[in-house]
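Chain by chain, the residues run as shown.
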Amino acid sequence: MKKILFHPVTSDVANNAVPPVPAKDTLSKWYKDLPQFYGGKPHIKDGMANATVKACMPFYDAMVSGYVQTAWQDMSFEFKVEPNGDETIIYNSPSQPPAFSVRDGEPAIKLSNAFYTFEFVLHPPFYPQVPKGWSILLTQPLNSFNSPLQFTSGIMDSDQFTHSESGNLPFYVRRDFNGIIPKGTPLFQMIPIKRESWKHELTEFDKDTQDKIMNPIRNHFWGGYRHNYWSKKTFK
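A. Layout of helix H3 (residues 57-64). Of all the positions in H3, only Met57, Phe59, Asp61, Met63 and Val64 are classed as buried. Looking at the buried positions of H3, the neighbouring elements they touch are helix H2 (29-33), strand S16 (186-194) and helix H5 (224-228). After H3 finishes, the residue glycine 66 shows a positive phi value of roughly 80 degrees.

B. A look at the pattern of salt bridges. Evaluated as defined, the whole model comprises 11 salt bridges. Lysine 207 is the salt-bridge partner of aspartate 211, the closest N and O atoms lying 2.7 Å from each other. In this pair, aspartate 211 and lysine 207 are both assigned in helix H4 (residues 207-218), four residues apart and thus about one turn of the helix distant. A cluster of three or more residues bridged by salt bridges with shared partners is formed by Asp157, Asp159 and Arg195.

C. Quick peek at the side chain of asparagine 143. Topologically, asparagine 143 is positioned in the loop between strand S11 (134-139) and strand S12 (149-151). Residues contacting asparagine 143, with those up to four places away along its chain left out, are Trp30, Phe59, Ala62 and Met63.

D. Inspection of unusual backbone geometry at higher detail. Phi is positive for aspartate 46, which is not a glycine, with a value near 55 degrees. Structurally, the position occupied by aspartate 46 is in the loop between strand S3 (44-45) and strand S4 (48-49). Residue aspartate 46 is classed as exposed on the basis of its relative accessible area of 73%. Positive phi, normally seen in glycine, also occurs at asparagine 143, with a value near 60 degrees.

E. Expanded view of the pairing of S16. Inspection of the sheet shows strand S5 (residues 67-70) paired to S16 by four bridges, in the antiparallel sense. The residue of S16 that forms the bridge with valine 68 is glutamine 189. Here S11 runs beside S16; their pairing, made up of six bridges, is antiparallel. Bridge pairing links leucine 138 to methionine 190 in S16.

F. Quick look at the sheet that holds strand S8 (residues 100-102). Taken in spatial order, the four strands make up an open sheet running S8-S9-S14-S12, and their pairing is antiparallel. Looking at the sheet topology across the chains shown, the edges are occupied by S8 and S12. The sheet shows a mean angle of 35 degrees between the axes of neighbouring strands, direction not considered. As paired elements, strand S9 (residues 120-122) and strand S14 (residues 169-173) share three bridges and run antiparallel to each other. Each bridged residue has a counterpart across the sheet, and for leucine 122 the counterpart in S14 is leucine 169.

G. Representation of the nonpolar core within the structure. Core analysis: the largest hydrophobic core is formed by 33 residues, its most contacted members being Met75, Phe77, Phe120, Leu122, Phe171, Val173 and Leu187. Of all the secondary-structure elements, those providing two or more residues to this core are strand S6 (75-81), S9, strand S10 (126-129), S11, S12, S14 and S16. With residues near it in sequence (within four places) discarded, methionine 75 still touches Asn92, Ala99, Phe100, Leu122, Phe171, Gly179, Ile180, Ile181 and Leu187. Among the nonpolar cores identified, the runner-up in size contains five residues, and Tyr31, Phe59, Met63 and Val64 belong to it.

H. A look at a nonpolar patch on the surface. A surface patch of nonpolar side chains, amounting to about 280 Å² of accessible area, comprises Ile44, Phe221 and Trp222. Within the element layout of this structure, tryptophan 222 appears in the loop between H4 and H5. A relative accessible area of 33% places tryptophan 222 in the partly exposed class.

I. Geometry of the sheet that holds strand S7 (residues 87-92). Within the open sheet, the three strands sit side by side as S7-S6-S15. Their pairing is antiparallel. Looking at strand neighbours, the two that pair on one side only are S7 and strand S15 (179-181), the edges of this open sheet. Going across the sheet, the axis of each strand differs from the next one's by a mean of 25 degrees, ignoring polarity. Where S6 meets S7, six bridges bridge the pair, whose relative direction is antiparallel. Bridged to glutamate 78 within S7 is isoleucine 90.

About the cut-offs
All residue numbers refer to position in the chain's written sequence, counted from 1. Reporting of local features is limited, given that this is a predicted model, to residues whose pLDDT is at least 70; pairs of side-chain atoms are given and counted only at 80 or more, and all residues count toward the totals for whole chains, interfaces and linings. Neither water nor hydrogens contribute to the side-chain values; these are computed over all heavy atoms in the structure. Per-residue accessibility, obtained with a 1.4 Å probe over protein chains only, is compared with the maximum for each type, and a residue is labelled buried under 20%, exposed over 50%, and partly exposed between these values. Labels follow the DSSP assignment, with helices taken as runs of H or I lasting at least four residues and strands as runs of E lasting at least two, numbered in each case from the N terminus. Whether two residues are in contact is decided by their heavy atoms: any pair within 4.5 Å suffices. The term salt bridge refers to a side-chain nitrogen of Lys or Arg lying within 4 Å of a carboxyl oxygen of Asp or Glu. Here, any two strands with at least 2 DSSP bridges between them count as paired. Axis definition: a line fitted to C-alpha atoms, limited for helices to the stretch in contact. Angles are taken between N-to-C directions and run from 0 to 180 degrees. For our purposes a nonpolar core is just a set of buried Ala, Val, Leu, Ile, Met, Phe, Trp, Tyr and Cys residues, chained together by side-chain atoms within 4.5 Å. Without a salt bridge and with relative accessible area above 30%, a residue can belong to a patch; like charges are then joined within 9 Å and nonpolar side chains (Val, Leu, Ile, Met, Phe, Trp, Tyr) within 5 Å. Note on areas: Shrake-Rupley with a 1.4 Å probe; residue coverage comes only from the protein chains shown.

Pasting the structure below:
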């Protein structure tokens, strides 16, 4: 089994901040409460079951892959619009070092009107180190649609670049939010990916091959992919 190391950026972090955890430990309440079937019970119509997205293993795998850094302290945001139309922000963390800060000037990324015109940067308390030949995909927690925060995504070669100073991970805040992000809220996801060279190739359609792949799935009203093709992913 491959090993990922999470290094604290300071001694204060080592003693106080909450380290990253396996993503499976941060599954959203809405997903946990979601029934596998609409209405709570399976119903078959025209050869199809009334399964919800909870029966979709690729959707599940996205959420439980890798590791998640949760908020290690509360994060407070208070936005105001002045009479002249200017937007102002009061933001706070309850302890030092602060969890985040705001950059001066306009955001580098053109945002929709759904977000405030401030670019914040999170200062992650731990930095990852992966085995040689691997990188880390840092991204918004996958399939997390209800968060008022939107983090940017990036791929870092964390086998070679492992630093001891806190980095800057940009994020933005939705306009319909004012308040506190409580400690323990999932912030961003880290998924190890292997670095390899790829080239693409276009093939001709082959019905026999397609049928060979799909027929085992068609033998089930639901769960055909899980029963025949899905492989469990393990992150501890």
